[in-house]
Amino acid sequence: MSTVFGAYKRDITSKTSNAGPYGSESTIDVVCTVYRTDGATIDITSEAEQMITDKVFTAREASWGTVAGYSWEQFCNCRSYTLSQVSGKLIKVTMHFSTLYFVDPTSSGTLRYQLPAMSEYTARQRTSKIYRNGWSVSPPAGADISADIGGTNMVGGSTAVDTMVPQISIRVRATQDSSVTSMLQATTLANYMGKLNSVAFMGAPIGTVLCEGVSVSKTGAGTEYYEVIFEFLYDFWAHHEQVPTCEPTGRPLQGSTGPSEVKWKRMTRLTADFNNIYGSPADAVLKNLIEKGYWT
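All residue numbers here refer to positions counted from 1 along the written sequence of the relevant chain. Only residues with pLDDT of 70 or above have their local features reported here, since the model is predicted, and side-chain atom pairs are shown and tallied only from 80 upward, although totals for entire chains, interfaces and linings are computed over all residues. Values shown for side chains rest on all heavy atoms present in the structure; no hydrogens or waters enter the calculation.

1. Quick look at unusual backbone geometry
Going by this rule: Going along the chain from the N terminus, every DSSP run of H or I of four or more residues is numbered as a helix, and every run of E of two or more is numbered as a strand.
Cis geometry is adopted by the peptide bond preceding Pro281, which originates at Ser280 and carries an omega value of 0 degrees. Even without being a glycine, Lys55 presents a positive backbone phi close to 65 degrees. When you line up the elements, Lys55 lands in the loop between helix H1 (48–53) and strand E4 (77–87).

Below you can see the structure in the form of structure tokens.
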């Protein structure tokens, strides 16, 4: 079917739509032929901008457009185009559109759309010095407590023994659209840094997860997309250490078999509700995608 755009006439010869796997691009590729309505020769170098102005083909990063019945296609932008001289009076135009948006399969009635999101878990260990084993008071997930931890001194005097404490590094990755949410949100997201979870987060009790950092960076998928990455750290001892009560000299107070008093202590930190990263109210599908790796 031929369509006239100013001094040009366009025939679409093929259109390919590819709904990609979750987390990858979905694409539309359009191929068409173009010639002048006055039969004159087309110069693809000098007339390209005029053809864009006349909407013969789409400029880079311009939208595919919203048409009734479309779903993810409406989020596609033109990433590139190629003009090929077929003959003096005929050219071939190839346009490539793409998006990272996809249809949320749990939506019904009104379609909902999501961008890629995921998490990565890495088990590791940290070294800690302990003065007691078999303690009767566990590391508190909440505030420090003043009670002695109980248990048996490891060795006499002020000597501690190295032990390994399990930790889980949690990396949360979420793609964002800067045309919807500015990258300047990074200044707000930084408020999570250095804080502990004030409520249960990713199945971990209060006070056991630390936000170590947040980064925001552009992706290569399109000019509008960027990725937010949270670095969280879950600690089996809620980030505590065994600390003996010391004399003014700095040496542990001694009992008959070693330090007379040992307590669980950690750096004093502010807290935050990390579940707010899923939005307010929380986006249940996004939360499931990140924490469980599936929609539900």
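So much for the structure itself; the text now carries on.
2. Some thoughts on the packing of aromatic side chains
Put simply, the rule is: Any Phe, Tyr or Trp ring, taking Trp's six-membered ring, that has another such ring centre within 6.5 Å forms a pair; planes under 30 degrees apart are called stacked, those over 60 apart edge-to-face, and the others tilted. Partly exposed describes any residue whose relative accessible area lies between the buried limit of under 20% and the exposed limit of over 50%, with all areas from a 1.4 Å probe on protein chains only and scaled to the type maximum.
One pass over the full model with this rule turns up 16 aromatic pairs. Plain terms: the ring middles of Tyr22 and Phe102 are 4.8 Å apart, the flat faces sit at 85 degrees to each other, and that makes the pair edge-to-face. In this pair, Tyr22 sits in the loop between strand E2 (8–18) and strand E3 (26–36) while Phe102 sits in strand E6 (residues 102–103), placing the two residues 80 residues apart along the sequence. On the basis of an interplanar angle of 10 degrees and a centroid distance of 5.7 Å, the ring pair of Phe230 and Phe232 is categorised as stacked. According to the relative accessible area criterion, Phe232 is buried, its value standing at 1%. Among the aromatic residues, those joined into a ring-pair cluster are Tyr192, Phe201, Phe230, Phe232 and Phe274.

3. What to know about the sheet that holds E3
Rule in force here: By this definition, two strands are paired if DSSP reports at least two bridges between them. Under this scheme, a helix contributes an axis fitted over its contacting stretch, all axes are lines through C-alpha atoms, and angles between N-to-C directions fall in the 0 to 180 degree range.
Reading across the sheet, the 5 strands line up as E1-E2-E3-E5-E4 and stay open at both edges, with antiparallel pairing between neighbours. Since the sheet does not close on itself, it has two edges, and those belong to strand E1 (2–5) and E4, each with one partner. Strand-to-strand twist in this sheet, taken as the mean axis angle between neighbours without regard to direction, amounts to 30 degrees. Judged from the 9 bridges that link them, E3 and strand E5 (residues 90–99) form a sheet pairing that is antiparallel.

4. Overview of helix H3 (residues 284–291)
At 3.6 residues per turn, the α-helix brings residues three or four places apart onto the same side. In plain terms, the rule: Each polar contact in these results corresponds to two N or O atoms within 3.5 Å; when the atoms are within protein, one needs to be able to donate a hydrogen and the other to accept it, and residues that are neighboring in sequence are counted only if both atoms are side-chain atoms.
With 6 of its 8 residues buried, H3 lies for the most part within the structure. Residues Val285, Leu286, Asn288, Leu289, Ile290 and Glu291 constitute the buried set of H3. The backbone nitrogen of Val285 lies 3.1 Å from a side-chain oxygen of the residue at the head of H3, namely Asp283. Directly beyond the C-terminal end of H3, a positive phi value near 85 degrees is found at Gly293.

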